[in-house]
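Architecture at a glance
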Amino acid sequence: MEKLLEVKDLQVSFQTYGGEVQAVRGVSFHLNKGETLAIVGESGSGKSVTSQTIMRLIPTPPGKIKSGQIIFNGEDLAKKTDKEMEAIRGKDIGMIFQDPMTSLNPTMKVGHQIMEVLVKHLKMDKAAAKERAIELLRLVGIPMPEKRVNQYPHEFSGGMRQRAMIAVALASNPKLLIADEPTTALDVTIQAQILELMKDLQKKMGTSIIFITHDLGVVANVADRVAVMYAGKIVEMGTVDEIFYDPRHPYTWGLLASMPSLDSDDKSELAAIPGTPPDLTNPPKGDAFAPRNPYAMKIDFELEPPMFKISDTHYAATWLLHPDAPKVEPPEAVKKRLRQLSSNYPQPVIVKESE
Amino acid sequence: MAEKQKLIEIKNLKQYFPVGHGQVIKAVDGVTFDIYKGETLGLVGESGCGKSTTGRTIIGLYQATSGEVLFNGVSVHAKKTSQELKQLKRKMQMIFQDPYASLNPRMTVADIIAEGIDIHGLAKTQEERMKRVYELLETVGLNREHANRYPHEFSGGQRQRIGIARALAVEPEFIIADEPISALDVSIQAQVVNLMKKLQREKGLTYLFIAHDLSMVKYISDRIGVMYFGKMVELAEAEELYRNPIHPYTKALLSAIPLPDPETERVRRRTVYDPSQHNYKEGEPLEFREITPGHFVLCSEEEYKKYKAIYS
């Protein structure tokens, strides 16, 4: 499969009064053409900073890309100037934000906001752009687009606004769409419509999607592959089946076990993850998850775990996968999910630094 | 069900808001239900369906347009002396959605928690007051060092715990929790829900739990009411509602929830609710009727017969 995006060892920090916050601490992943990668994690895990860095939306200062590469279409976005990024942002990479009310311009007609993209990036004239804007509104399922194109965002409902946002993001046929919690502010029925719309458009246009969310139900619905982030790092990554049916990292276990399941009648206590995420001005030594991890071993507090490869597509960073580690039982709720996956290696393999 | 004691009775409650030009928004349009002592009643529905307004009217934050709310047999909205009102308010407390906006940023945690204690004169001396505050902090999983800090020094989950401690300070019987976990991270949500359940076991609290996250509502609630456009369309025990939803809106709502299981997600079919599918005649009376024991659905006479035939 062809790689559209490759992020290598990305490190992003913010300079604050309290010191340097290391929001992203060495993140590497790739995205194939036409696939959806979901990034999950708690607030402060660095998932939004990672995606905003790809778009180069991080204000500098206080933000700073300390190291790493963002190879998009064969070019390193981390080295681009602001001027050069303007030609890429909105054209090759589109973005949908969580809150459609604050990310649309309230003083501009919705149609104009779509036309702006078309005129700037595709050099269309106004009449052609307007026609295309109407077409796009129809495509995202807005009834009476001829009338809607001349309305302002406040005349749209929440779900409609999010559709309009998607129309803006898709206007220039971007190769990559970054959706940062696009359905979190919406009701379940509207959420279902937006997810169906995004999948449908992806099929038609072949767009690659990075989907940021903390809702594991949404992940299971949209993702081909999943990256789980904790304290600025990817702790586990794999296909959606590998993450849901054969999770290996205790943090992924914790996330899966802390959700009540709709189809079971189990009323026993939820397996909450104790404590709170670490302060990234002063990242802890060793595994950042260790203080909240009931499976933590001595080494977790001393040394950071390396990345282990469980199959061609499945990675996890935990000492539990080391051959010398004791065998542990995942929580009950996770055990119920487990399946033997045939693609697994006989033994997890340590990934070399250079890979 | 007969042996259960009714703590709250809500009778044909209506809450209309005038929006000018003689128009009104019918936020809550005639809901009737009871809340039993010691249970958790979940209230779900989409934004704008009136679930939060129902909660706020029950606790008396709004004067009801019509209808009645009885707490232990006493009307919440009837005229009372200030002493009676104070007593009533001590028995009912509320936990809010936004732990950032619902705590006064200029008060210390101790003062926030003790405000109710001071108003109701529950502590005679300063030592007793602080002792209560320390106890409450420990009950909700914080510690006494936190008492002199300000809200901005805490994370979202910790602030929600402070909100819970404040609600518990006056030893209420009934707590309305309006989306108490929506603003929190997944791993923290479970902590707060576990805390609420533990407190319920220990203190025999009754909860009205308002939320739109249906899986968490199912987990915490004994019974669940589904609201749609100001009306309650279905009310049943939590298991029963998920297993045998009857009203088409409930079915559509349940079918829209994505489950954390890729295989079921690949085949899940969503049903869409269209209010016109009922084919109600002009002015046809709709009533909240019992289809199977304890399972109520808003339906017409004709639908009632149909549902009865299918489900019992």
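Procedures and definitions
Residues numbered from 1 in each chain as written. Chains lettered and ligands numbered in written order. Predicted model: local features only at pLDDT ≥ 70, side-chain atom pairs only at ≥ 80, totals over all residues. Heavy atoms only, no water. Helix = DSSP H or I, 4+ residues; strand = E, 2+ residues; numbered from the N terminus. Rg over C-alpha atoms; globule rule 2.2 N^0.38 Å. Buried < 20%, exposed > 50% of the residue type's maximum accessible area, 1.4 Å probe, protein only. Contact = heavy atoms within 4.5 Å. Areas by Shrake-Rupley, 256 points an atom, 1.4 Å probe, with all protein chains shown as cover. Lys, Arg positive; Asp, Glu negative; His and termini not counted. Charge placed at Lys NZ, Arg CZ, Asp CG, Glu CD. Domains from an automatic or database assignment. Buried area = accessible area lost by both parts, 1.4 Å probe. Salt bridge = Lys/Arg side-chain N within 4 Å of Asp/Glu carboxyl O. UniProt positions renumbered as here; feature names shortened; annotations may be inferred. Pairing = 2+ DSSP bridges. Expected span 1.5 Å × (residues − 1). Polar contact = N/O pair within 3.5 Å; in protein donor to acceptor, adjacent residues only side chain to side chain. Core = buried A, V, L, I, M, F, W, Y, C linked by side-chain atoms within 4.5 Å. Phe/Tyr/Trp six-rings, centres within 6.5 Å; stacked < 30°, edge-to-face > 60°. Lys NZ or Arg CZ within 6 Å of the ring centre and 35° of its normal. pLDDT = per-residue confidence, 0-100. Disulfide = S-S within 2.5 Å.

1. Focus on the overall build of chain A
Across its full length, chain A holds 12 helices and 13 strands. Since a compact globule built from 355 residues should have a radius of gyration of about 20 Å, the 21 Å found for chain A is in line with a globular shape. Counting every position in chain A, which comprises 355 residues, the buried fraction comes to 52%. Look at the contacts in chain A between residues 6 or more apart in sequence, and 66% of them connect residues 24 or more apart. Surface accessibility of chain A: about 15900 Å² in total, with carbon and sulfur atoms responsible for 53%. Distance between charge centroids for chain A: 5 Å, based on 42 positive and 45 negative side chains.

2. Section: the overall build of chain B
Secondary structure summary: chain B contains 11 helices and 12 strands in total. Relative to a compact globule of 312 residues, whose C-alpha radius of gyration would be 20 Å, chain B shows 21 Å and is just as compact. Summarising its shape, the C-alpha atoms of chain B cover approximately 65 × 55 × 45 Å along the three principal directions. In chain B, which comprises 312 residues, the proportion classed as buried is 53%. In the structure as shown, chain B presents an accessible area of about 14400 Å², 50% of it carried by carbon and sulfur atoms. Looking at charge distribution, chain B has the averaged site of its 42 positive side-chain charges lying 2 Å from that of its 41 negative ones.

3. Structural notes on the domain arrangement of chain B
Residue and element names in this part refer to chain B. The domain boundaries assigned to chain B delineate domain 1 (6-229) and domain 2 (247-311). The centre of domain 1, based on its C-alpha atoms, is set 29 Å off from the matching centre of domain 2. Taken together, the contact between domain 1 and domain 2 spans 7 residues of the former and 7 residues of the latter. For the domain 1 face of the interface with domain 2, the top three residues by lost area are Leu214, Val226 and Tyr228, together amounting to 69%. Applying the counting criterion to the domain 1 and domain 2 interface returns 0 salt bridges.

4. Thoughts on the pattern of salt bridges
All chains considered together, the criterion is met by 40 salt bridges over all chains. With a closest N to O distance of 2.7 Å, A:Arg339 and B:Glu263 form a salt bridge. Of this pair, A:Arg339 sits in the loop between helix H12 (332-335) and strand E13 (349-350) while B:Glu263 sits in helix H10 (residues 262-267), on two different chains. The partner of B:Lys6 in a salt bridge is B:Asp34, and the shortest N-O contact between them spans 3.3 Å. Highlighted residues: B:Lys6 in strand E1 (residues 6-20) and B:Asp34 in strand E2 (residues 23-36), separated in sequence by 28 residues. Classification of B:Asp34 by relative accessible area gives buried; the value is 19%. One network of salt bridges, in which partners are shared, links B:Arg90, B:Lys131, B:Arg132, B:Glu135 and B:Glu171.

5. Topic: the UniProt feature "domain: ABC transporter" (unreviewed entry) in chain B
Under the feature "domain: ABC transporter" (unreviewed entry), the UniProt entry names residues 8-254 of chain B. The annotated region residues 8-254 of chain B carries 38% helix and 27% strand content, and the separation between its end C-alpha atoms amounts to 27 Å.

6. Some thoughts on the environment of B:Leu235
All names here are of chain B. When you line up the elements, Leu235 lands in strand E10 (residues 231-237). By relative accessible area, Leu235 is classed as buried at 3%. Beyond its immediate stretch of four places on either side in the chain, Leu235 contacts Phe33, Leu41, Arg223, Ile224, Gly225, Phe288, Gly294, His295 and Phe296.

7. Looking at the sheet that holds strand E5 (residues 74-75) of chain B
All names here are of chain B. The strand order E2-E1-E4-E5 describes an open sheet built from 4 strands, whose pairing is antiparallel. Each edge of the sheet is formed by a strand with only one pairing partner; in this case those strands are E2 and E5. Across 2 bridges, strand E4 (residues 66-71) lies against E5 in antiparallel orientation. Across the sheet, Phe71 pairs through a bridge with Val74, a residue of E5.

8. Re helix H7 (residues 158-170) of chain A
All names here are of chain A. Its 13 residues place the ends of H7 18 Å apart at the C-alpha level, agreeing with the 18 Å of an ideal helix rising 1.5 Å per residue. Taking burial as the measure, the 13 residues of H7 include 11 buried ones, the bulk of the element. Inspection of H7 places Gly159, Met160, Arg161, Gln162, Arg163, Ala164, Met165, Ile166, Ala167, Ala169 and Leu170 among the buried residues, and these make up the whole buried set.

9. Examining the domain arrangement of chain A
In many analyses, interface size is given as the accessible surface area lost on bringing the parts together. Residues and elements named next belong to chain A. Assigned domains of chain A: these are domain 1 (1-92 + 175-354) and domain 2 (103-173). When each unit is reduced to the centre of its C-alpha atoms, the spacing between domain 1 and domain 2 is 32 Å. In this complex, domain 1 contributes 17 residues to the contact, which on the side of domain 2 involves 13 residues. Both sides of the domain 1 and domain 2 interface together cover about 1400 Å² of buried area, and 67% of this is carbon and sulfur. Considering only the side of domain 1, the residues that lose the most area to domain 2 are Lys91, Leu197 and Met205, jointly responsible for 35% of the buried surface there. At the junction of domain 1 and domain 2, the tally comes to 5 residue pairs in polar contact (both at pLDDT 80 or more).

10. Looking at the nonpolar core
Ranked by internal contacts, the top residues of the largest apolar core, which has 63 residues, are B:Ile113, B:Ile162, B:Ile164, B:Leu168, B:Met196 and B:Phe209. In terms of residue count, helix H6 (residues 186-203) of chain B provides more of this core than any other element does, 7 residues in total. Here B:Leu168 is in contact with B:Arg132, B:Leu136, B:Val140, B:Ile175, B:Leu199, B:Lys203 and B:Leu205, once residues within four sequence places are set aside. By size, the runner-up hydrophobic cluster in this structure holds 36 residues, among which are A:Met115, A:Ile166, A:Met198 and A:Phe211.

11. Describing the packing of aromatic side chains
Taken as a whole, this structure holds 12 aromatic pairs over all chains when the rule is applied. Relative to A:Phe289, the ring of A:Tyr230 has its centre 5.1 Å away and its plane inclined at 75°; by these criteria the two rings are edge-to-face. Placement of the pair is A:Tyr230 in strand E9 (residues 225-230) and A:Phe289 in the loop between helix H11 (250-257) and strand E11 (308-309), with a sequence separation of 59 residues. Both rings, one in B:Tyr228 and one in B:Tyr249, keep their centres 4.3 Å apart while their planes meet at 40°; by these two values the pair is tilted. Of this pair, B:Tyr228 sits in strand E9 (residues 223-228) while B:Tyr249 is found in helix H9 (residues 248-255), placing the two residues 21 residues apart along the sequence. Both residues of the pair, B:Tyr228 and B:Tyr249, count as buried. Joined through ring pairs, the aromatic side chains of B:Tyr228, B:Phe229, B:Tyr249 and B:Tyr273 make up one cluster. When the ring centre of A:Phe156 is taken as origin, the NZ or CZ atom of A:Arg148, which lies over that ring, is 4.9 Å away. In this structure, A:Arg339 is placed above the aromatic ring of A:Tyr245, and the distance from its NZ or CZ to the ring centre is 3.6 Å.

12. Focus on the confidence of the model for chain B
Caution is warranted with low-pLDDT regions, since their predicted coordinates should not be read in detail. Of all residues in chain B, 99% attain a pLDDT of 70 or more, and the chain-wide mean is 89. If you check the scores for this complex, the pTM reads 0.85 and the ipTM reads 0.80.

13. What to know about the state of the cysteines
All names here are of chain B. All chains considered together, the criterion is met by 0 disulfides over all chains. Looking at the unpaired Cys49, the closest cysteine sulfur is the one in Cys299, lying at 19 Å. Residue classification places Cys49 among the buried positions, given a relative accessible area of 4%.

14. Re the UniProt feature "domain: ABC transporter" (unreviewed entry) in chain A
Within this numbering scheme, the UniProt entry marks residues 5-256 of chain A as carrying the feature "domain: ABC transporter" (unreviewed entry). Taken end to end, residues 5-256 of chain A comprises 40% helix and 28% strand; its first and last C-alpha atoms sit 28 Å apart.

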